[in-house]
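Analysis of the macromolecular model
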Amino acid sequence: MLLKSFLDLLPDIEQETPNFPPAILYNEGWLLRLVVDWFYHSKIPDHPLSVPGGGHWFSEARLPSAFLPRFNGDPLAEAHTNADGVIGQFTIGSKGKTDLVLNPDANHFVVLEAKMYSGLSKGVTHAKYFDQAARSVACMAEVLKRAECTPATLSCLGFHVLAPDEQIKSRTFSRNIDKRSIVGKVERRVSSYEGERDDWFRNWFKPTMERIEIRPISWEAILNLIIEKDSRTGKSLEHYYAQCLVFNT
């Protein structure tokens, strides 16, 4: 009955005077979930959003940082990072309710960041230069370290930004997701620890950067593929995406 009550609210959202902001429903987070779930059930091989055998996906997973507080009031610390989407072989909730732990024998680990018209966030409290891309990839290296999963053993390791084609063509994300930029920012972050994180940088972060694929992917390209493989679902998602664009400008 409660689920039906939720569903009964949906037709109202596109009316001239809805009862709550349409962007609560029409946003990049829900678009990501709908799209990745389609890939999960459709078993599309060799795509950045493919879900591997024995794997699954999760939205809003907490990834641990190599720069978590060492003590109360640590002036260099940052919190966990929430990933919009993760695909691979992992468990959720073995610690905190949404904490991600990669399986030691995992061969697939992909983190997704979903955007509409916003850019990547700029930094953390104690390191304003340490932007969302650098922070996410650094957290991925920490996830691998904690699982004792060597980056070179993974068949798929990726960090991808999903965004409108016009945002990608305008190079909104290009500077931040450039590998040299990410390495420079993480190296600067590590240097502030005066040697305490050097082993982590050398043994886990650098091998992660050598193996990882980092790229932007347009929503339009994803939806075109879905339409090609599953016209009915693809057209519905295309309509949903159009509404996302309207309500997130």
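Treat the numbers as computed from the prediction; the structure is a model and nothing was measured.

1. Describing helix H2 (residues 28-42)
- In this model H2 runs 21 Å from its N-terminal to its C-terminal C-alpha over 15 residues, within 8% of the 21 Å that 1.5 Å per residue would give.
- Turning to H2, its buried residues number three or more, namely Gly29, Leu31, Leu32, Arg33, Val35, Val36, Trp38 and Phe39.
- Of the residues flanking the start of H2, the one acting as N-cap is Asn27, its side-chain oxygen 3.0 Å from the backbone nitrogen of Gly29.
- Positive backbone phi, approximately 55°, marks Lys43, located one or two places after H2.

2. What about the nonpolar core?
- Among the nonpolar cores identified, the biggest contains 46 residues, and Leu102, Phe109, Phe159, Ile182, Val186, Trp200 and Phe205 are the most heavily contacted of them.
- Filtering out sequence-adjacent residues up to four positions away, Trp200 remains in contact with Ala66, Phe67, Ala138, Ala141, Glu142, Lys145, Val186, Val190 and Phe205.
- Within the second largest apolar cluster, 26 residues are counted, among which are Leu49, Leu223, Leu225 and Cys244.

3. A short note on the sheet that holds strand E1 (residues 56-58)
- Strand order in this open sheet of five strands is E1-E4-E7-E8-E9, and the pairing throughout is mixed. Strands at the two margins of the open sheet, each flanked by one partner only, are E1 and strand E9 (213-218). Across the sheet, the axes of successive neighbouring strands diverge by a mean angle of 20°, strand direction being ignored.
- Strand direction decides the pairing type here: strand E4 (residues 85-88) and strand E7 (residues 108-114), joined by four bridges, are antiparallel. In the sheet register, Val86 faces E7, and the bridge partner there is Val111.

4. As for unusual backbone geometry
- A positive phi is found at Glu148, a non-glycine position, where the angle reads about 55°.
- Its location among the elements puts Glu148 in the loop between helix H3 (132-147) and strand E8 (156-163).
- On the basis of relative accessibility, which here comes to 67%, the residue Glu148 falls in the exposed class.
- In this structure, Glu194 is a non-glycine residue whose phi angle is positive, near 50°.
- The exposure class of Glu194 is exposed, given its relative accessible area of 75%.

5. Topic: the environment of Arg171
- The residue Arg171 is located in the loop between helix H4 (165-169) and helix H5 (174-177) in this model.
- Relative accessible area serves as the criterion here: at 60%, Arg171 is assigned to the exposed category.
- Taking C-alpha positions, Arg171 is 32 Å from His41, a pair spaced 130 residues apart along the chain.

6. Digging into helix H9 (residues 231-247)
- Taking 1.5 Å of rise per residue, the 17 residues of H9 would be expected to cover 24 Å, and the 24 Å separating its terminal C-alpha atoms lies within 8% of that figure.
- All of the buried residues in H9 are Gly234, Leu237, Tyr240, Tyr241, Gln243 and Cys244.
- Looking at the buried side of H9, the elements it contacts are H2, H4 and helix H8 (219-229).

Thresholds, definitions, all that
Residues numbered from 1 in each chain as written. Predicted model: local features only at pLDDT ≥ 70, side-chain atom pairs only at ≥ 80, totals over all residues. Heavy atoms only, no water. Helix = DSSP H or I, 4+ residues; strand = E, 2+ residues; numbered from the N terminus. Expected span 1.5 Å × (residues − 1). Buried < 20%, exposed > 50% of the residue type's maximum accessible area, 1.4 Å probe, protein only. Polar contact = N/O pair within 3.5 Å; in protein donor to acceptor, adjacent residues only side chain to side chain. Core = buried A, V, L, I, M, F, W, Y, C linked by side-chain atoms within 4.5 Å. Contact = heavy atoms within 4.5 Å. Pairing = 2+ DSSP bridges. Axes fitted to C-alpha atoms, helices over the stretch in contact; angles between N-to-C directions.

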